[in-house]
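Letter by letter, the chains look like this.
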Amino acid sequence: MSHLAPVWFKLTDLEVVSGEGCWVTTTSGDRYLDFTSGIAVTSTGHCHPTVVAAIQEQAAKFIHAQVNCYTHTGLGKLGATLAELTPEGIDTFFFANSGAEATEGAVKLAKQATGRQNVIVFAGSFHGRTHLAMAMTTSKTSYRAGHSPLPSGVFVAPFPTSVGLGTQEERIDQCLWGLKHLLLSQTAPAETAAIILEPVLGEGGYEPAPKRFLEGIMEICREHGILFIADEVQCGFGRTGSFFAVEQSGIIPDILVMAKGIASGFPISAIGSTSEIMAKWPTGSHGGTYGGNPIGCAAALATIDVMRAPGFMENVVARGEQLRAGLSKIAVEHPVICDVRGPGLMVAAEFRDPENGSPDGARVAAVLAHCRDEANLLLMNAGTYGNVIRFMPPLVVTEAEMEMALTAVGKAVAATAFSES
Ligand SMILES: Cc1ncc(COP(=O)(O)O)c(C=O)c1O
């Protein structure tokens, strides 16, 4: 397409005109079942009527009520609502526009609150594409290559992946040891402002951080006065079957970063923390023209209303179980799928050569193409090797739509079985 930068990676060439629930319609009238949710964003489905009405109503009153110039009612309402939803103690919020802005802002907050300069991230992380966020991103070299020099002060600790050498318990021990070693060998605790982690790695392959690993990290943070930042940009807002993924392991982060699902697609992101930590962020040292936009706040409040309605989270849990059970059945027949994992509707199917265990990104690409071309089902990959299919349908997906997707995936895996013995 002319006049558009080729830097955008394109999953498909589809030109879409409208979306409703789990479906998008193209200019030629074809309908596609959208299991990408626009990269885990449209959790209430495309154009949920409650969200559309809230946006329309707000747009007629105020499109841009700049936060430095005046306050608008949506800000306080969204802050109070998020305080009800987020883990105990997180009661104060800053609003931005994207995930990268929010992760980067969270690190700025941690630096100011601790007076320390370094940050620790984990192998397989994705925190965004601005320079600091890129420096904190280790899931693929393509995100960083050609952009050096990146900001310094970022150190990478190991993450216990679901598939790897030894048992998962051994990998957790090794990774906790690696983190402690990092604090002895590269960034001293007195220099380390924060440890930032996605409770379920997103771009890194839909890898849930095991509970014991999270507890170990928290213990290290508490011992050394290091702040723990949970990046829930992708795994937050109901994606894992609870409002936030950290709830499932009982971890209370010092700083919580939210975006994507927060407003059903309207660009708004948030950094939440305790009022004590937020009070250490000097007034004027951070900000932004558009953060806290009134339409964004209205869209987020409407999204939260939809998610709090009876049955919403129950559907996420039930559809997740249906999805994992269906994928596990396909895996029995096709051992190229070596692992099915992930909470709620943040589900991964990992592909490896059953003979030698090497990652099979080519097979994943073939399965995705088959689903798209033969069954009008849109899916994306993830992981350093591109060998994971990530399932991130809208959280309102029905049992019948899930069955349709599973049938398509089963057929695609069978049809691309050219390399299986
Ligand atoms: C965990 C996580 N953090 C941060 C980001 C960056 O968000 P954005 O693309 O809105 O800048 C992403 C995007 O995929 C993400 O998955």
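Fair warning: this is a prediction, and the values are worked out from it, not measured in the lab. (Residues numbered from 1 in each chain as written. Predicted model: local features only at pLDDT ≥ 70, side-chain atom pairs only at ≥ 80, totals over all residues.)

**Notes on the overall build of the protein**
So, point 1. Helices and strands together make up the secondary structure of the protein, namely 12 helices and 17 strands.
So, point 2. Here the C-alpha radius of gyration of the protein, 21 Å, is about what a compact globule of 421 residues would show, namely 22 Å.
So, point 3. Projecting the C-alpha coordinates of the protein onto the three principal axes gives extents of approximately 60 × 55 × 45 Å.
So, point 4. Going through the 421 residues of the protein one by one, you find that 50% of them count as buried.
So, point 5. In the protein, 73% of the contacts between residues at least 6 apart in sequence involve partners at least 24 apart. (Helix = DSSP H or I, 4+ residues; strand = E, 2+ residues; numbered from the N terminus. Rg over C-alpha atoms; globule rule 2.2 N^0.38 Å. Buried ≥ 20, exposed ≤ 12 C-beta atoms within 10 Å, placed from the backbone. Contact = placed C-beta atoms within 7 Å.)

**Looking at the sheet that holds strand 17 (residues 388-391)**
The strands making up a sheet associate through hydrogen bonds between their backbones, and the pairing can be parallel or antiparallel.
So, point 1. Across the sheet, 4 strands lie side by side as 13-14-17-16; this open sheet has antiparallel pairing. The open sheet is flanked by strand 13 (337-341) and strand 16 (380-382), the only strands paired with a single partner. This sheet shows a mean twist of 30° between the axes of neighbouring strands, independent of strand direction.
So, point 2. In the sheet, strand 14 (residues 347-351) pairs with strand 17 via 4 bridges, with the strands oriented antiparallel. In the strand pairing of strand 17, E350 is matched with V388.
So, point 3. Contacts from helix 10 (residues 312-333) reach strand 13, strand 14 and strand 17, with the element oriented near 170° to strand 13.
So, point 4. Those strands touched by helix 11 (residues 361-375) are strand 14, strand 16 and strand 17, and its axis lies near 40° from that of strand 17. (Pairing = 2+ DSSP bridges. Axes fitted to C-alpha atoms, helices over the stretch in contact; angles between N-to-C directions.)

**Focus: the sheet that holds strand 1 (residues 16-20)**
So, point 1. Read from one edge of the open sheet, 4 strands run 1-2-3-15, paired in mixed fashion. The outermost strands of the open sheet, each flanked by one partner alone, are strand 1 and strand 15 (377-378).
So, point 2. Note: strand 3 (residues 31-34) against strand 15, 2 bridges, orientation parallel. Across the sheet, the residue bridging to L33 is L377, located in strand 15.

**Quick look at the packing of helix 3 (residues 73-85) against helix 9 (residues 294-308)**
Relative placement of two packed helices is described by the angle separating their axes and the distance separating the axes.
So, point 1. The interhelical angle for the contact between helix 3 and helix 9, taken along N-to-C directions, is 35°, at an axis separation of 9 Å. Of the two elements, helix 3 crosses helix 9, and the hand of that crossing is left-handed. Residue-level inspection shows G74, L75, K77, L78, T81 and L85 of helix 3 in contact with helix 9, the latter providing P294, C297, A298, A300, L301 and I304.
So, point 2. Across the contact of helix 3 with helix 9, the residue classes break down as 9 nonpolar, 2 polar and 1 charged. (Left-handed = near helix turned anticlockwise from the far one by under 90°. Nonpolar A, V, L, I, M, F, W, Y, C, P; charged D, E, K, R; others polar.)

**Details of the site of the ligand**
So, point 1. As a structural note, the neighbourhood of the ligand is formed by 15 residues, with G99, A100, G128, V233 and Q234 the closest of them.
So, point 2. Per-element accounting of the shell around the ligand gives the leading share, 3 residues, to helix 4 (residues 99-114).
So, point 3. Among the residues forming the shell around the ligand, the class breakdown is 5 nonpolar, 7 polar and 3 charged. (Near = placed C-beta within 6 Å.)

**Structural notes on the packing of helix 10 against helix 12 (residues 399-415)**
So, point 1. It is at 10 Å that the axes of helix 10 and helix 12 come closest, and there the two elements cross at 20°. Between helix 10 and helix 12, the crossing angle belongs to the class labelled roughly parallel. The interaxial crossing formed by helix 10 with helix 12 has right-handed handedness. Contact residues: R319, Q322, L323, G326 and I330 in helix 10; E399, M402, L406, V409, G410 and V413 in helix 12. (Parallel < 35°, antiparallel > 145°, perpendicular 65-115°, else oblique.)

**What about the domain arrangement of the protein?**
So, point 1. Segmenting the protein into domains produces domain 1 (50-308) and domain 2 (311-393 + 404-416).
So, point 2. A straight line from the C-alpha centre of domain 1 to that of domain 2 covers 27 Å.
So, point 3. Residue-level contacts link 22 residues of domain 1 with 21 residues of domain 2.
So, point 4. In terms of residue class, the side of domain 1 that touches domain 2 is made up of 8 nonpolar, 11 polar and 3 charged. (Domains from an automatic or database assignment.)

**Here's the deal with the pairing of strand 17**
So, point 1. Residues of strand 17 alternate between two faces, with V388 and R390 on one and I389 and F391 on the opposite face, all of them buried.
So, point 2. Inspection of the sheet shows strand 16 paired to strand 17 by 3 bridges, in the antiparallel sense. Bridge pairing in strand 17 links N381 to I389.
So, point 3. With antiparallel pairing between neighbouring strands as the criterion, strand 16 and strand 17 make up a hairpin whose turn holds 5 residues, including G383 at a positive phi of roughly 95°.

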